[in-house]
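# Examining the three-dimensional arrangement
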Amino acid sequence: MLREIGVKSIDELYADVPKKFILKRGLNLPKTSSEYEVRSQVMALLSKNKSFYEMPSFLGAGCWPHYVPAVCDEIIGRGEFLTSYTGDTYIDLGRFQALFEFQSMIGELVGLDAVSWPMYDWATVCGEAARMAARITGRQEVLVPKIIHPERLLVMKNYCEGLIDVKLIDYHPETGQLDLEDLKRKISSNTAAVYIENPSYLGFIEAQGKEISDVAHDRGALSMVGVEPISLGVLAPPGEYGADIVVGEGQPLGVHMSYGGGVMGILACRDEEQFLAEMPTLLLTITSTERQGEHGFSWWALPKRLHYESREKGKSFTGTNSALWGISAAVYMALLGPQGIRELAESVMQKSHYAMKRISEIKGIKAPIFDSAHFEEFTVNFDRTRKPVNRVHKALLKHGIQGGKDITSEFPELGKTALYCVTEIHTKEQIDSLAAALKGIVR
Amino acid sequence: MRRYHCAIWDEPVIFEMGQTGERGHILPAVEDEIKSAFQNVTSRIPPGMRRKQAPRLPELSEPETLTHYLHLSQQNFGFDSGIVAGVGTCTMKYSPKVNEQLCRMPQFADIHPLQDEETTQGILEIMYKVCKWLEEITGMDEVNLQPGGGSHGVFTNVCMMRAYHKLNKELEQRTDVIVPLLAHPCNPSSAATAGFKVITLEPDEETGCPDLGALKAVVSKHTAAMMLTDPYDTGVFDSNIEEYVKIIHEVGGLVLLDQANANSILGVVRAGDMGADMCQVNLHKSFSSPHGGMGPGSGPVGVKEEFRKFLPVPVVEFDGKKYRLNSDRPYSVGKTRSFLGNIQCALRAYAWIMALGAEGIREVAEVAVLNNNYVMKKLSDVRGLSLPYAKGHHRMQEARFSWEQLKKDTGIGTVELNQRIEDFGVANYFMSHQPWVVPEPMTPEPTESISKADLDRFCEMIRQLSHEAYTNPEIIRTAPHNCAVSRIDPTPMDDPKKTALTWNAYLKKRSSP
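Worth saying up front: this structure is predicted, and the values here are computed from it rather than measured. (Residues numbered from 1 in each chain as written. Chains lettered and ligands numbered in written order. Predicted model: local features only at pLDDT ≥ 70, side-chain atom pairs only at ≥ 80, totals over all residues.)

### A word on the overall build of chain A
From N to C terminus, chain A includes 14 helices and twelve strands. By the compact-globule yardstick of 22 Å for 443 residues, chain A fits well, its C-alpha radius of gyration being 25 Å. If one aligns the C-alpha atoms of chain A with their principal axes, the spans along those axes are about 85 × 60 × 50 Å. When burial is assessed residue by residue, chain A has 65% of its 443 residues classed as buried. Put simply, 71% of the contacts in chain A that link residues at least 6 apart link residues at least 24 apart. (Helix = DSSP H or I, 4+ residues; strand = E, 2+ residues; numbered from the N terminus. Rg over C-alpha atoms; globule rule 2.2 N^0.38 Å. Buried ≥ 20, exposed ≤ 12 C-beta atoms within 10 Å, placed from the backbone. Contact = placed C-beta atoms within 7 Å.)

### Regarding the domain arrangement of chain A
All names here are of chain A. Here chain A is partitioned into domain 1 (70–332) and domain 2 (339–442). Spacing between the C-alpha centres of domain 1 and domain 2 amounts to 29 Å. Opposite the 14 residues of domain 1 that make contact, domain 2 presents 20 residues. (Domains from an automatic or database assignment.)

### Describing the sheet that holds strand 2 (residues 176–180) of chain B
All names here are of chain B. Reading across from one edge, 1-7-6-5-4-2-3 is the order of the seven strands in this open sheet, with mixed pairing throughout. Looking along the sheet, the strands with just one partner apiece sit at the ends: strand 1 (142–144) and strand 3 (197–201). Adjacent strand axes in the sheet meet at a mean angle of 20° when their direction is disregarded. Set on the sheet, helix 7 (residues 186–193) makes contact with strand 2, strand 3, strand 4 (223–229) and strand 5 (254–258); between it and strand 2 the angle comes to about 170°. The sheet contacts of helix 9 (residues 241–250) involve strand 4 and strand 5, and relative to strand 4 the element is tilted by about 165°. (Pairing = 2+ DSSP bridges. Axes fitted to C-alpha atoms, helices over the stretch in contact; angles between N-to-C directions.)

### A closer look at the pairing of strand 5 (residues 222–227) of chain A
All names here are of chain A. Across the six residues of strand 5, six count as buried, placing the element largely inside the fold. Burial along strand 5 is two-sided: the residues Leu222, Met224 and Gly226 and Ser223, Val225 and Val227 are all buried. One ladder, built from five bridges, connects strand 4 (residues 191–197) with strand 5; its direction is parallel. By the bridge assignment, Tyr195 is partnered in strand 5 with Met224. In this region the chain leaves strand 4, passes through helix 9 (residues 209–218) and returns to the parallel neighbour strand 5; the handedness of that crossover is right-handed. Here strand 5 runs beside strand 6 (residues 245–249); their pairing, made up of four bridges, is parallel. Bridging from a neighbouring strand, Val227 pairs with Gly248 of strand 6. (Right-handed = clockwise from strand over helix to strand, strands pointing away.)

So this is what it looks like as structure tokens:
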């Protein structure tokens, strides 16, 4: 090949790289290893981790333990999907159709007809959606609940800095529900969107979805709702209570947690031209073909919408996102079907309510703090015990249990509090063990 | 030419399949005691928040669902499917299967990102070490795994650059970001997202690189940064980089170097040594994570000492005994996404670097460059095809060709050729981002993973395209012929009244005139 090219050595091919920058030494990296050595050494490292199967965990907070059916793994393990790239209408028909089906099923859950393909995660979609709302309304301010996932707030601020002010709306201390009076005080003619999370970051269901959307719309702002999609098996689709844009986290829909690498952003909006034109991502549309009755699929390419065509004038900067997880989610939603998703949401609620009941029976512990309906997560307060949350947590570890997330520093006004999560995969025995361990620890 | 035809299944959209009451998955039992105590738990949902009608999801059995999606996979083309040598900027390489098996282990797949560090020492060690290795490979002082893709890494760097100027109380003054036109589009768009004004530098017609005089004319006290991509998607290595760095640093700006094309320089030249203040690499390109059809990817950022304090949190630290996560960095930009990043890509990169070792990593780059220059040579006499810029120079990982002459001669352009090539059993090639400064572009990137025999086959296909354009253009105009679907009606692509992003939208729009 060198002869064909007309050079004597590979070094000659690097002639344009300034000599002074060519590395004169070998990299300081390990020596070559065989596949067997890689496998056995990485397995040895990974075996130091404890998975859900070895240690029940009550963590949620944006990444939730749910069972991933084997068919999901089988499909996204197919090399044709796993190792493909951006692709094209013809050669990647299968992926385009699978992701169109993903978009369609998400649309059914959230109650909106325009859905993006998967994005990075819920947090980044919050940022993108805030910018989208600002472009649609020509306004520069977004109102968000004080009880918002702190990570989502931080990401949103990085996406909005210098362009959009992000302001916090207070909540009712007894119920956690958004303080409508505070919302009405703070909303202005510069408000692009009012954002709520349902279920909220702390697990309760926000009951005033319709009222909040109405307040937003009355002032010419958009209504934006963030969702954990499994809850939509029993909760009203936000599109029904006035949401113009829905964002959320797709990981619970058939994607392994993978130490947080399983996250995938959901973005949906009203199927109207001014919304579609501001969508910041690649979108897949169905279309017809030359053959009667046949479906085709294509990127929706409203000219100049993305940075690929318009560079700094594009609506966003994102490229590679989380497409493969969208296929897993499509398989998952298809496997469950309408009955399955409802049963799943009910089962989650039954088990989480059982856990709340058991934990709140323990003297000194309050669960949940807020007098509101909850879905799969709930606050556990230790103020009337002598133990701070981190001590409780360390003690639980000794019982082989990973407790909830310590949120004491996130919301100091809530005192010594942790956020617990219970889903369909927690057994009664695991919940009972948790309650028994907590009882012993705070005694 | 070997024959090829994609599988055709006439697979319906899933909403057209199945039957009422069917389902494909049974959930874990709710124990009787819980069930009886909380039978009516959903009645606690406030009335306005209750779902009245079940979502219209498909109703299929488990085998029906499996077969449907398996059929769809057979109508898709991955690196594993055949020759993927044409997809420039994307660095399509072989992703070792053992790495997929490792990612599937419950001790990775089923761990939560907030678990106590005592229970995640293994993955923390992998993350810590892979960061150290990436620091060695890029020549940067600290690497961070948080960004979820290459563009996201570029954006994260812009956020850190903004934080740096803000801390120096110069953000109001430093409004400009300078970007060569041939830098990846995520660079100017990230700068714009973060509120900066973008100044574009056109490539010189001969070299393909911006002229130094043009750069000097636009730098000032307003310069916040220059965002470079080196090597470019044209495969040209911009040897002016030392000068750029000097000019930008002199006015107090930073240099952000996009290393998405690093595959050709691994172990040969390092972003840090060239003077970059910040860079990003793509674990889903250069470091073997499969693309997944556009993600999940990973775009770790690397910074010089001075900028470490701005990195996203948490960062993995090691005290000689235990690995831990530290979020106590008061100057940090905080988060640009949730949790720690797409750590499955870091796990694969760890395994990949371990398998190759130092020598293997350099060999990757060298073979990628060798393969690319071989393809360039083989294509140099294809009728109607030319290679603009840097005449007589070798290229790095890829090369941007032009079918301009062929289009003039035959009326057939790169878009049509790119549909026809799919009939030969290869993926469509990458043309170019916009604007097409190279007319009728084609940008193959062979990478190190493709054999000489397959490179020869790929070059024969390109030659065949040219031959057909001059002798039988109709077969190209009506292509593709061997894919699973016939030619589509393109109107929904740009008419919002016809666009249907969901099945429900499709049903509504189909029935309305």
